[in-house]
Amino acid sequence: WDGEYEVVIIGSGFAGLAAAVEAKHKGAKDVVIFEKMGVYGGNSTLNAGQACFAGTDLQKKLGIKDSADLMVKDQLKSGRGVASESLLRHSAELGPYVYQMTKDCGCVYRDFIITTGGTSATRSHQVVERSGSGFIQPMLKTARKMGVETQIRHKFEHLIHDKKGRVIGVNIRKGYHFGFEDSGELINIKAKRGVIIATGGFGYNISLRQAQDPTLTAEVGCTNAKGATGDGLIEMLAAGATPVHLAHIQSGPWASPDEGGFGYGAGFSLYNFPHSIAIDRNTGQRFMNEIADRKTRADLELQRRDQNGNPNPALLIAPKHEAKNDPSMAKVLKYNVAWEFDSVEAIAKHFDVPLQPLKQQIADWNSYVDKGEDPQFGKRMNAGRGIKLTAPFIVQRLWPKVHYCQGGIQINTKAEVLAAKTGKPIPGLFAAGEVTGGIHGVSRLGGCSTPECLAFGVTAARSIMEA
Ligand code: ADP
């Protein structure tokens, strides 16, 4: 062996960091995180910094009634019958603990809560940075303060087993440079208690994702960090783990085609969907509930086409008087991801939208705001807080990008990895976060990956310390 630790964690996103902090809480002496990239945080830094928790002190303060039960119910509905109720419940019930844990690490939440699609209670807590780095940086600092060793450019290559099949270590490429697959020196690290795989999804492994869903070609944009190539998934499959739901790959309905990657548009549209309308450019009319679940919206957005069948991205039209209350507006205007218009006529002219139907749609929408009811698409109107759509407007285009892999490796509520042959845990092997699958089913609700990654990171650490 070239080194040994009590707990070995692969990946430094939400799941890996939560596992590290909790392992220390539970008394682990030596804990290491190996991260293959040159920076920590992976995909977990690339989001709007939102996490759905049910039953927090902030919800109570704001008079929001919610419960783990209700959260699970919403997620089961979005999962369309194949989500895992036991895993969802485990994660939702750990929510308030995880929320407090992030605060103890120094994460700072905004003093209001956001409504995300498909939820029946307002529960998306957002860090003040409005980005996942608002979780990652304080958690990384805390982990290090607690004595966790962290290493970048250390790529996990293989699991090492003993004769009975127990995972006893990992093979690592030390000094690895992403894109140069043979770079670095191969070393073997012993894991005395076991290994926690938290390597994230495979959204950037084009051949693997296209094999699951042939529509997700290289031309389809992706919000992920470049390191989301499915390494941990592939190695655990080789070790006999159970694959689950690999074809359920989610596209983000809030993405903009006018920038690369996750970008600024997601933050802008997330904030504005509740009180804005999404318009089809051919008809000048709405075509969806702007706060439906992600799959419902992404599928409908992808149907927006011109006469030749080419993509014709929908328009999200937001009222500036409300949009300006969130810092995302300045970003999208600065980087040409959205534009300001002082009249409906100006929007119609610029985007070649039929004027009269658009005017009528906006008038109809404003009457729904008055009534507090959306007869067109049944949108939950209290989320828009009675906000009228009036000029000036801020307009962003919408076109989905690959965002999240619902599929992955099957775990149980102890975050143990289950073998395909026996359905039983593979000794010494734990997994958490996007590398695991089956929790959310067909479609994951917005703001529900962060709490799940954190909760199962915590769970993996507890289990490994009990093992
Ligand atoms: P999650 O949200 O599930 O925690 P993330 O995608 O945020 O997942 O984080 C996973 C991390 O794991 C990323 O930083 C990624 O670079 C890292 N990673 C992926 N594959 C490997 C590997 N083979 N060795 C080490 N780190 C890896």
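Residues numbered from 1 in each chain as written. Predicted model: local features only at pLDDT ≥ 70, side-chain atom pairs only at ≥ 80, totals over all residues. Heavy atoms only, no water.

Peer 1: Would you mind showing me how to read the side chain of Arg-294 here?
Peer 2: The topology assignment puts Arg-294 in helix 9 (residues 294–302). One buried charged residue, Arg-294, remains without a salt bridge, the closest side chain of opposite sign being Asp-293 at 8.5 Å. For Arg-294, the side chain forms a polar contact with the side chain of Gln-250, separated by 3.0 Å. (Helix = DSSP H or I, 4+ residues; strand = E, 2+ residues; numbered from the N terminus. Buried < 20%, exposed > 50% of the residue type's maximum accessible area, 1.4 Å probe, protein only. Lys, Arg positive; Asp, Glu negative; His and termini not counted. Salt bridge = Lys/Arg side-chain N within 4 Å of Asp/Glu carboxyl O. Polar contact = N/O pair within 3.5 Å; in protein donor to acceptor, adjacent residues only side chain to side chain.)

Peer 1: Sorry if this is basic, but what is going on with helix 9 here?
Peer 2: Side chains of residues three or four places apart in an α-helix project in the same direction, reflecting 3.6 residues per turn. Residues of helix 9 that are buried: Arg-294, Arg-297, Ala-298 and Glu-301. Around the axis of helix 9, the buried residues are gathered within 95° of arc, so they sit on the same side. Looking at the buried positions of helix 9, the neighbouring elements they touch are strand 11 (249–252), strand 15 (393–398) and strand 16 (401–405). Taking the backbone nitrogen of Lys-295 as reference, a side-chain oxygen 3.1 Å away marks Asp-293 as the first, capping residue of helix 9. (Arc of directions from axis to C-beta. Contact = heavy atoms within 4.5 Å.)

Peer 1: I'm lost on the confidence of the model for the protein chain in this one. Help?
Peer 2: Per-residue confidence for the protein chain gives a mean pLDDT of 96; residues scoring 70 or more make up 100%. With pTM at 0.92, the complex prediction returns an ipTM value of 0.99. (pLDDT = per-residue confidence, 0-100.)

Peer 1: Whenever I open this one, the site of the ligand confuses me. Can you help?
Peer 2: As a structural note, the neighbourhood of the ligand is formed by 25 residues, with Glu-35, Ser-44, Phe-156, Asp-231 and Glu-434 the closest of them. At 3.0 Å, a backbone N or O of Ala-15 approaches an oxygen atom of the ligand. In this structure, Lys-36 approaches the ligand through a main-chain N or O atom, which is 3.1 Å from a nitrogen atom. In the complex, 98% of the free accessible area of the ligand, which totals 580 Å², lies under the protein chains. At a threshold of 2 Å from the grid points, most atoms of the ligand map onto the largest cavity. At the level of elements, helix 1 (14–25) and strand 7 (154–161) are the ones that each hand at least two residues to the shell around the ligand. (Near = heavy atom within 4 Å. Areas by Shrake-Rupley, 256 points an atom, 1.4 Å probe, with all protein chains shown as cover. 1 Å grid on protein atoms, 1.4 Å probe; cavity = no way out; pocket = protein on both sides within 12 Å on 5 of 7 lines; lining within 4 Å. Sits in = over half its atoms within 2 Å of the grid points.)

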